[in-house]
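Coordinate inspection notes
Given next are the chains, with one letter for each unit.
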Amino acid sequence: MSPPSLSPGPGGPRRVRIAERREVAPGHVELLVEDAALARSARAGQFAHVLTPGTLRRPISFSRVDGDRLGLLFRVVGAGTAWLAERRPGEVLDLLAPLGRGFVPPPPGTPLCLVGGGIGIPPLYFAWQQYGHDRPVTVILGARSAAQVVMEDDFRAAGVPVTVTTEDGTRGEAGRVTGPLARWLAREPRGVVWACGPTGMLAAVAAQVPDPRRAWLALEQRMGCGVGACLACVVPGGAGGPPWLRVCSDGPVFRADAVRLAGVEDRDAPA
Ligand SMILES: Cc1cc2nc3c(=O)[nH]c(=O)nc-3n(C[C@H](O)[C@H](O)[C@H](O)COP(=O)(O)OP(=O)(O)OC[C@H]3O[C@@H](n4cnc5c(N)ncnc54)[C@H](O)[C@@H]3O)c2cc1C
Ligand code: FES
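First, a word on what this report is: a plain description of the structure on this page. Owing to the predicted nature of the structure, the values given are computational and were not obtained by experimental measurement.

Quick notes on the sheet that holds strand E6 (residues 92-99)
Judged by pairing direction, the barrel is antiparallel, and its six strands sit side by side in the order E1-E2-E5-E4-E3-E6 before closing back on the first. Looking at each pair of strands side by side, their axes are set apart by 45 degrees on average, direction ignored. The sheet contact formed by strand E4 (residues 58-66) and strand E5 (residues 69-75) spans three bridges and is antiparallel. Along E5, the bridge assignment pairs Val 65 with Leu 70. Together, E4 and E5 form the strand contacts of helix H3 (residues 122-131), whose direction differs from that of E4 by roughly 35 degrees.

Structure follows, in structure tokens:
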């Protein structure tokens, strides 16, 4: 049974019990947390702002839904994620969730290509779970090296066509996601692309899709409040829109023409 939420409202604070912990790859942990109301209301592309002691909250996307449980899959990069990786089943996390705006599904039947780079992959598995059943979905996963490819087995177990690229050629095709994406776009000129990963990868994907209305990008920016108040996460807006956008509350998912990625800080993550 899920513990009661402090506030069941969307984006409200919640105390959630960790039901399961998995080490999914070297330096990558997935925690499954229990909260039936959150599992029902969270949308793919939204995130949880997780309280970690001694730091600001840390934003982590939802990686999957499994009954009353939601997944938070993260790479250990610093103090906050290191603390999170030490948590064990039965312990309780303090979340603000669900936050942000998620992916907007295209009409049923529209071919959809999910492009994930490194730790940008997890929200795309959740996206497939929520929106993959009434449209043909193809997945392209990119990482620096085989050890950073996550959730490939989950997609394959679900029967989703997956192409993996690694920059060092240790798994799948040697190179970047742009190679298989170009082939998919040639086959599916009216398809829609959803991408999540480092800013450089998102810019490359946006440049490849001929119609920017057919590309949606999930951005990762350093965050403070997570709810639109502090402006720590702003990025420049695209032509004709607001000059600045808050990744936490206007996004993190944006249509490609709504944001300008030039000059946006890139995470040290693989494309
Ligand atoms: C909307 C959103 C969703 C996210 N979802 C996930 C997810 O599903 N899985 C996951 O592993 N990570 C995700 N992240 C990134 C995650 O929030 C950071 O890795 C985490 O906050 C790092 O905290 P830390 O205390 O461990 O490291 P810190 O000590 O804060 O940082 C360690 C290093 O990483 C760099 N860094 C950390 N976070 C960012 C960032 N957001 N942008 C640029 N550089 C950064 C720092 O500059 C530093 O070099 C997401 C970020 C956002 C904004
Ligand atoms: S993190 Fe405070 S406005 Fe986005």
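Notes on the site of ligand 1
The environment of ligand 1 is made up of 21 residues, and the closest members are Arg 58, Pro 59, Gly 80, Thr 81 and Arg 222. Between a nitrogen atom of ligand 1 and a main-chain N or O atom of Gln 221, the distance comes to 3.4 Å. Between Arg 222 and ligand 1, the recorded distance is 2.8 Å, taken from a side-chain N or O atom to an oxygen atom. A total of 900 Å² of accessible area belongs to ligand 1 in isolation, and the protein chains cover 84% of it. Those elements that provide at least two residues to the shell around ligand 1 are E4, E5 and helix H2 (79-85). For the shell around ligand 1, the element with the highest residue contribution is E4, accounting for four residues. Grouping the constituent residues of the shell around ligand 1 by class yields ten nonpolar, five polar and six charged.

As for helix H5 (residues 178-187)
Buried within H5 are the following residues: Pro 180, Leu 181, Trp 184 and Leu 185. Projected onto a plane normal to the axis of H5, the buried residues spread over an arc of 140 degrees and lie on a single side. Its buried side turned inward, H5 meets strand E7 (112-117), strand E8 (137-143), strand E9 (162-166), strand E10 (173-174), strand E11 (192-196) and helix H6 (199-208).

Rules used throughout
Residues numbered from 1 in each chain as written. Chains lettered and ligands numbered in written order. Predicted model: local features only at pLDDT ≥ 70, side-chain atom pairs only at ≥ 80, totals over all residues. Heavy atoms only, no water. Pairing = 2+ DSSP bridges. Helix = DSSP H or I, 4+ residues; strand = E, 2+ residues; numbered from the N terminus. Axes fitted to C-alpha atoms, helices over the stretch in contact; angles between N-to-C directions. Contact = heavy atoms within 4.5 Å. Near = heavy atom within 4 Å. Polar contact = N/O pair within 3.5 Å; in protein donor to acceptor, adjacent residues only side chain to side chain. Areas by Shrake-Rupley, 256 points an atom, 1.4 Å probe, with all protein chains shown as cover. Nonpolar A, V, L, I, M, F, W, Y, C, P; charged D, E, K, R; others polar. Buried < 20%, exposed > 50% of the residue type's maximum accessible area, 1.4 Å probe, protein only. Arc of directions from axis to C-beta.

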